[in-house]
Amino acid sequence: METKTASSRIEGLLTLFDMQTTFFERAIDGITEEDAYKRLNTKANHIAWLSGSLVQQRFLMTSETNPGLKQTGDELFKDNKGIQDDAKYPTLAEYLKDWRMISPIAREALVMIDDKKLDSEMDMGFMKMTYYELIAFTIYREASIIGQLALWRRLLDYPALKYDD
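For clarity, every value in this text was computed on a predicted model and none was experimentally measured.

Take the overall build of the protein chain next. Looking only at helices and strands, the protein chain has six helices and two strands in total. Across the protein chain, helices and strands are ordered from the amino to the carboxyl terminus as α-α-α-α-α-β-β-α. A globule of 165 residues ought to have a C-alpha radius of gyration of about 15 Å, and the protein chain, at 16 Å, matches this closely. With the principal axes as the frame, the protein chain shows a C-alpha extent of 50 × 40 × 25 Å. Across the 165 residues that make up the protein chain, the buried fraction comes to 42%. Counted over contacts in the protein chain with a minimum sequence separation of 6, partners at least 24 positions apart contribute 73%. Separation between the mean location of the 21 positive side-chain charges and that of the 27 negative ones in the protein chain comes to 2 Å.

Here we come to the pattern of salt bridges. The tally for this structure, following the rule as stated, stands at nine salt bridges. The partner of E75 in a salt bridge is K78, and the shortest N-O contact between them spans 2.7 Å. The class of K78 is partly exposed, set by a relative accessible area of 33%. Within the structure, one salt-bridge network assembled from shared partners comprises R9, D115 and D119.

Left-over empty space is what a probe sized like a water molecule reveals as it rolls over the atoms. Considered as a void within the structure, the largest pocket measures approximately 1,200 Å³ in volume. In terms of lining, the largest pocket is formed by 39 residues, of which the most central are Q57, L60, M61, S63 and L134. The greatest single-element share of the lining of the largest pocket, amounting to seven residues, is contributed by helix 2 (residues 47-61). Taken together, the residues that form the lining of the largest pocket break down as 21 nonpolar, 10 polar and eight charged.

Judged by side-chain polarity, L40, L151 and L155 come together as a nonpolar surface patch covering roughly 280 Å² of accessible area. With respect to the helices and strands, the residue L151 is situated in helix 6 (residues 131-155).

Quick look at the nonpolar core now. One finds F24, I47, Y89, L92 and L149 to be the most contacted residues of the largest nonpolar core, which totals 30 residues. Counting residues per element, the ones that place at least two in this core are helix 1 (8-28), helix 2, helix 3 (74-77), helix 4 (92-112) and helix 6. Ignoring anything within four residues of it in the chain, the contact list for Y89 reads Y37, H46, A48, W49, L76, F77, G82, I83, Q84 and Y95. Judged by nonpolar contacts, the second largest core, of 13 residues, contains I10, L110, I113 and Y131.

Here we come to the side chain of T21. Within the fold, T21 resides in helix 1. Residue classification places T21 among the buried positions, given a relative accessible area of 17%. A polar contact is formed between the side chain of T21 and the side chain of R58, at a distance of 2.8 Å.

It is worth spelling out helix 2 at this point. Since the α-helix packs 3.6 residues into each turn, any two residues three or four apart lie on the same face. Across its 15 residues, helix 2 extends 21 Å between first and last C-alpha, which sits within 8% of the 21 Å expected from 1.5 Å per residue. Judged by how many residues are buried, helix 2 sits mostly within the fold: 14 of 15 residues are covered.

Angle between the axes and distance between the axes: these two values describe a pair of packed helices. Packing of helix 1 against helix 4 brings their axes to within 11 Å, and their N-to-C directions diverge by 170°. Between helix 1 and helix 4, the crossing angle belongs to the class labelled roughly antiparallel. Residues I10, L14, F17, D18, Q20, T21, F24, E25 and I28 of helix 1 lie in contact with helix 4, whose contacting residues are L92, L96, W99, R100, S103, A106, R107, L110 and V111. Of the residues contributing to the contact of helix 1 with helix 4, the split by class is 11 nonpolar, three polar and four charged.

Criteria and cut-off values
Residues numbered from 1 in each chain as written. Predicted model: local features only at pLDDT ≥ 70, side-chain atom pairs only at ≥ 80, totals over all residues. Heavy atoms only, no water. Helix = DSSP H or I, 4+ residues; strand = E, 2+ residues; numbered from the N terminus. Rg over C-alpha atoms; globule rule 2.2 N^0.38 Å. Buried < 20%, exposed > 50% of the residue type's maximum accessible area, 1.4 Å probe, protein only. Contact = heavy atoms within 4.5 Å. Lys, Arg positive; Asp, Glu negative; His and termini not counted. Charge placed at Lys NZ, Arg CZ, Asp CG, Glu CD. Salt bridge = Lys/Arg side-chain N within 4 Å of Asp/Glu carboxyl O. 1 Å grid on protein atoms, 1.4 Å probe; cavity = no way out; pocket = protein on both sides within 12 Å on 5 of 7 lines; lining within 4 Å. Points joined across faces, edges and corners; volume = space filled by probe spheres on them. Nonpolar A, V, L, I, M, F, W, Y, C, P; charged D, E, K, R; others polar. Patch = residues over 30% accessible without salt bridge, like charges linked within 9 Å, V, L, I, M, F, W, Y side chains within 5 Å. Areas by Shrake-Rupley, 256 points an atom, 1.4 Å probe, with all protein chains shown as cover. Core = buried A, V, L, I, M, F, W, Y, C linked by side-chain atoms within 4.5 Å. Polar contact = N/O pair within 3.5 Å; in protein donor to acceptor, adjacent residues only side chain to side chain. Expected span 1.5 Å × (residues − 1). Axes fitted to C-alpha atoms, helices over the stretch in contact; angles between N-to-C directions. Parallel < 35°, antiparallel > 145°, perpendicular 65-115°, else oblique.

Laid out in structure tokens, this is it:
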């Protein structure tokens, strides 16, 4: 039996995907639930929302290959909902559990996608892009959110995000 390897176009994105899988866990490590909601008198998205948005994105990566899988906070993030000031978001522990469940499934979906699918166009109503472009944007957005979480760590006086063990 032959094992499928990722398209060469996806390999670099898989490296980033794998790094970000670990970085997210480190970015929320030790953050209290109280601190997860702090916005420091700004309109910035707080840690609870950023974390849920990131987890939601990983679930969306699997929506074609594993329809029906949903994160704990799906209703709060469905249809790209922005932050809701008075919402009670899932705990960071719940997000982490969902993250650990969906990440290997999302990774497998990336490994299995072929060049024909990567080149096919997705119509999102307001814009069109290829699946490759969508995956690249998704991986970029993950890095952006993790960077915001790393900044929140410092603003809330937590140790800096560790990128190594």
